[in-house]
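Chains, contacts and geometry: an overview
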Amino acid sequence: MTELELKYGCNPNQKPARIFMESGELPITVLNGKPGYINFMDAFNSYQLVKELKAATDLPAAASFKHVSPAGAAVGAPLTDVERKIYFAEGMDLSPIACAYVKARGADRLCSYGDWAALSDVCDEQTAAYLALEVSDGVIAPGYTPRALEILRTKRRGGYNVVQIDPGYVPKAVEHKDVYGVTFEQGRNNFEINAALLDNVVTANKDLPDHARRDLILALITLKYTQSNSVCYTKDGQAIGVGAGQQSRIHCTRLAGQKADNWLLRQHPKVLSLPFVDGIRRPDRDNAIDVYISDEYEDVLAEGVWQNTFTVKPEILTAEEKKAWIAQQTGVSVGSDAFFPFGDNVERARKSGAAYIAQPGGSIRDDHVIATCDKYGIAMAFTGMRLFHH
């Protein structure tokens, strides 16, 4: 048996704590720092996601995890000028794996504060340089270039958590978990998510172009490692809104939709031109933007307050302007880890630009859900597979 002793478990009072294997060697090596219990929970869940996403798309993949759910996930593709601006990556040299992480982190920058990063490929200098600028707890990857490791070892006063995992590691087919002293046993969820899963298109609109299939696969793999109930909105190879851990399906759809709307609002000309004071910290800039585009904008624009953040008081981004901007959104893909019980989920997803949906199907009201999609020309595939994760 191999083990790694941890400082404590989920909370400081939960001792002793360790990770271990009954047989064989742990598949990870800690190259820097001292990861804790929650760090490793995030690390192992997030690495599974990016490994499967890379296998399904043949593209470098990255994820940004918080509390055992992804705040964002993405595949590597070049960033547009607007994306570089809203993700604070202007002028940076970005490799494909760096692009993947920048997009994953950019999905919900507020929730990614203090994240755990996961990379499907070797962490290179470009990815490490971007990570060095962000508030992050740690990173897991199958390897690190010498320069990347040198950069990461200077982060957090030398305490940044850097974990290397064996990419050839294959977990046991049966997994166990203890709850209240009782051991649960189940087969590991080895279900493969691929393009064939999207062949059963049940709506009048049967058109699922290649980019939509890629985005739906991204949504479904993201959901496979998101605390249920969960819904995920994706576009252009990245998650733009993840609604995790809600008891009601419609609340998942609303939460993920609101995050997708916020992602789009960050691209509004008024947001792109916000006159920030020199030297503002990245987290402070994220917080200011989040408040500015919300209904609580007065909290950052009040007299005596805005001067701390801006050189000139910005104009309000009105409710009418926000509604009009969001209404332009199109081509969004939406995945759900379990069936939509009512058409209201489709109605909400449509408001955030949903054009393609993948969900298991199997509700007694499937006909109503399909009819709602047909009402708006949305293409929907029934996968026949639930993706709960607890």
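Look above for the structure.
Figured I'd write up the structure that's included with this text. (Residues numbered from 1 in each chain as written. Predicted model: local features only at pLDDT ≥ 70, side-chain atom pairs only at ≥ 80, totals over all residues. Heavy atoms only, no water.)

Regarding the overall build of the chain
Each helix and strand counted, the chain has 13 helices and 15 strands in total. In terms of overall dimensions, the chain is globule-like: its C-alpha atoms have a radius of gyration of 21 Å, near the 21 Å expected for 390 residues. Across its three principal axes, the chain shows a C-alpha extent of roughly 60 × 55 × 40 Å. Here the chain, with 390 residues, has 53% of them falling under the buried criterion. Considering only contacts within the chain whose residues lie at least 6 apart along the sequence, 57% involve residues at least 24 apart. When the accessible surface of the chain is split by element, carbon and sulfur atoms take 52% of a total near 17800 Å². Across the chain, the 42 positively charged side chains and the 48 negatively charged ones have centroids separated by 2 Å. (Helix = DSSP H or I, 4+ residues; strand = E, 2+ residues; numbered from the N terminus. Rg over C-alpha atoms; globule rule 2.2 N^0.38 Å. Buried < 20%, exposed > 50% of the residue type's maximum accessible area, 1.4 Å probe, protein only. Contact = heavy atoms within 4.5 Å. Areas by Shrake-Rupley, 256 points an atom, 1.4 Å probe, with all protein chains shown as cover. Lys, Arg positive; Asp, Glu negative; His and termini not counted. Charge placed at Lys NZ, Arg CZ, Asp CG, Glu CD.)

Structural notes on helix H13 (residues 366-376)
Taken as a whole, H13 has its buried residues at Asp 366, Val 369, Ile 370, Thr 372 and Cys 373. Looking down the long axis of H13, one finds its buried residues gathered within 155 degrees of arc, a one-sided arrangement. Facing away from the buried side of H13 by more than 90 degrees, the exposed set consists of Asp 367 and Lys 375. For H13, the elements touching its buried residues are helix H12 (344-351), strand E14 (354-359) and strand E15 (379-382). The positive-phi residue at the C-terminal boundary of H13 is Gly 377, with phi of around 75 degrees. (Arc of directions from axis to C-beta.)

A look at the pairing of E14
Counting buried positions along E14 yields five of six residues, so the element is predominantly enclosed. Looking at chain direction, strand E13 (residues 332-336) and E14 are connected through four bridges and run parallel. Of the residues in E14, the one forming a bridge with Val 334 is Ile 357. Between the parallel pair E13 and E14, the chain is carried across by H12, and the sense of this crossover is right-handed. The pairing of E14 with E15 spans four bridges and is classified as parallel. Directly across from Tyr 356, in E15, lies its bridge partner Ala 379. You can see the chain leave E14, run along H13 and come back into E15, and the turn it takes is right-handed. (Pairing = 2+ DSSP bridges. Right-handed = clockwise from strand over helix to strand, strands pointing away.)

Let's talk about a nonpolar patch on the surface
Nonpolar side chains collect at one region of the surface, where Val 179, Tyr 180, Val 182 and Phe 184 lie side by side and expose about 490 Å² of accessible area between them. Within the fold, Val 179 resides in strand E9 (residues 174-179). (Patch = residues over 30% accessible without salt bridge, like charges linked within 9 Å, V, L, I, M, F, W, Y side chains within 5 Å. Salt bridge = Lys/Arg side-chain N within 4 Å of Asp/Glu carboxyl O.)

Side note on the pairing of E13
Both faces of the sheet carry side chains from a regular strand, because those side chains alternate between them. Most of E13 sits inside the fold, with five of its five residues counted as buried. With burial as the criterion, each face of E13 is covered, one bearing Val 332, Val 334 and Ser 336 and the other bearing Ser 333 and Gly 335. Here strand E11 (residues 230-235) pairs with E13 via four bridges, running antiparallel. Paired with Thr 234 across the two strands is Ser 333, which belongs to E13.

Distances and angles like these do not, on their own, reveal function.
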